[in-house]
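Observations on the model geometry
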Amino acid sequence: METSDAAIVQRVLGGDVEAFSILVERYHDHYVRFAAHLVGNREDAEEVVQDTFLRAYRALGRYEERERFGAWMLRILVNRARTVSAMGRRREQLFPEQVDETLPEAAEAHPAERAALREEVSRALAQLGPDQREAFLLHYVEGLSYEEMAAITGSGISALKMRVKRSCERLREILQGVNRV
Amino acid sequence: MSDRMNARDPLAAFIAELREPVAVDPGSKRRLMDLVREAPRPMPTARIAPARPRSHAVAVIRRMRSGGPRAASFGTLATAAGIALLMALGTREASTPRSGSVRRAVIIGDSVASVASALRDTLRIVQFILTAPAASRVALTGDFNGWDTRATPLTRATDSGRWSVTLALAPGRHSYAYVVDDTQWVRDPVGTPAEPNELTPPRSVLVVEK
């Protein structure tokens, strides 16, 4: 039976620093994916995730067991990603070269098509505003309800619904434009 | 507004692609743990809410009815209701049932306040109270304000750590939480806890009866 996040947090607070690596293993890669889509490149995404884990570690004493650790972390991550995005770093292509290196099975069947799709996805996401991109990813990729999104982002539910709706409309326009070419 | 999406929607393939794993530097987790080992060790900190809560959220005190047009703003009603709250507590608090120092929901009356003449629906006035002496800011968030963490700030009593706000709520089941210092979500220490959810922060449930 998998040890709960709260139990691991208690071990870390009790002095077992290495137990934190269990949380890193559990959440790191998932958060890198989410952050990469949010900020648009892997370098910034890994920096955001690293910073998120370090901030969470330092603040672990304030973590309330009643809250899901994943949600608590996601809230820190969203704030860090906003900060990085606000710094105006140049949006880069979402590392298509590494996809072929590290996901050989997925890329094996149609590597050229897959690379093209990833590039298209990355470019389309980059055309959304930061708030729309964040809301779209939380809702459709992370699968969160609007209530959960409100808790994480601090925005109202109606505003979030509007952002998701507009992001869908915009993405459909972009994708249909690509398909017509 | 619908979130439904059929399989032929071009967005469906787009979203499926976004859910695929991305490449991760294999050394990144090792480097992260190196930084964790160098960082100061986290220590358990005192909770903002006391272990034994001194007060709690809910006092339903007055029902408002009217047949007039819906014209009064929510804020106007809440302000007016706050005045009614003080008057009502002065007369009925002695008979309020108590458990320790927890104030439970109390229906005080059924009279019609002047401001309520602009309302068609029945509303209940609810006071939310949180004792958080170390907090700089406390806000109330819930389904009744769209989970907006800035819309409903609590006011701190001048000589204590007690924060409160009074709202007019429609009858029904409401979920809510307090947000302390803009970041920490706190469930009502003695409210009814909401059903745990994988990703939601702590919440409480309040049922406002008709």
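Residues numbered from 1 in each chain as written. Chains lettered and ligands numbered in written order. Predicted model: local features only at pLDDT ≥ 70, side-chain atom pairs only at ≥ 80, totals over all residues. Heavy atoms only, no water.

**With respect to the overall build of chain A**
- Within chain A, the secondary structure is distributed over ten helices and zero strands.
- A fraction of 65% describes how many contacts in chain A between residues 6 or more apart in sequence connect residues 24 or more apart.
- Accessible surface, chain A: about 8,100 Å² in total, of which carbon and sulfur atoms supply 48%. (Helix = DSSP H or I, 4+ residues; strand = E, 2+ residues; numbered from the N terminus. Contact = heavy atoms within 4.5 Å. Areas by Shrake-Rupley, 256 points an atom, 1.4 Å probe, with all protein chains shown as cover.)

**Details of the environment of A:Glu148**
- Mapped onto the fold, A:Glu148 is located in helix 9 (residues 146–153).
- Separated by 77 residues in the primary sequence, A:Glu148 and A:Ala71 place their C-alpha atoms 8.6 Å from one another.

**A short note on unusual backbone geometry**
Residue and element names in this part refer to chain B.
- Unlike most non-glycine residues, Trp-147 shows phi in positive territory, near 55 degrees.
- If you trace the backbone, Trp-147 turns up in the loop between strand 5 (138–142) and strand 6 (152–153).
- For Trp-147, a relative accessible area of 0% gives the class buried. (Buried < 20%, exposed > 50% of the residue type's maximum accessible area, 1.4 Å probe, protein only.)

**Things to note about the interface of chain B and chain A**
- With 51 residues of chain B at the contact, the number on the chain A side is 65 residues.
- The contact between chain B and chain A buries some 5,600 Å² in all, and 62% of this surface belongs to carbon and sulfur atoms.
- Applying the counting rule to chain B against chain A returns four salt bridges.
- Across the pair B:Arg37 and A:Glu18 runs a salt bridge whose closest N-O atoms are separated by 2.6 Å.
- Between chain B and chain A we count eleven residue pairs in polar contact (both at pLDDT 80 or more) in total. (Buried area = accessible area lost by both parts, 1.4 Å probe. Salt bridge = Lys/Arg side-chain N within 4 Å of Asp/Glu carboxyl O. Polar contact = N/O pair within 3.5 Å; in protein donor to acceptor, adjacent residues only side chain to side chain.)

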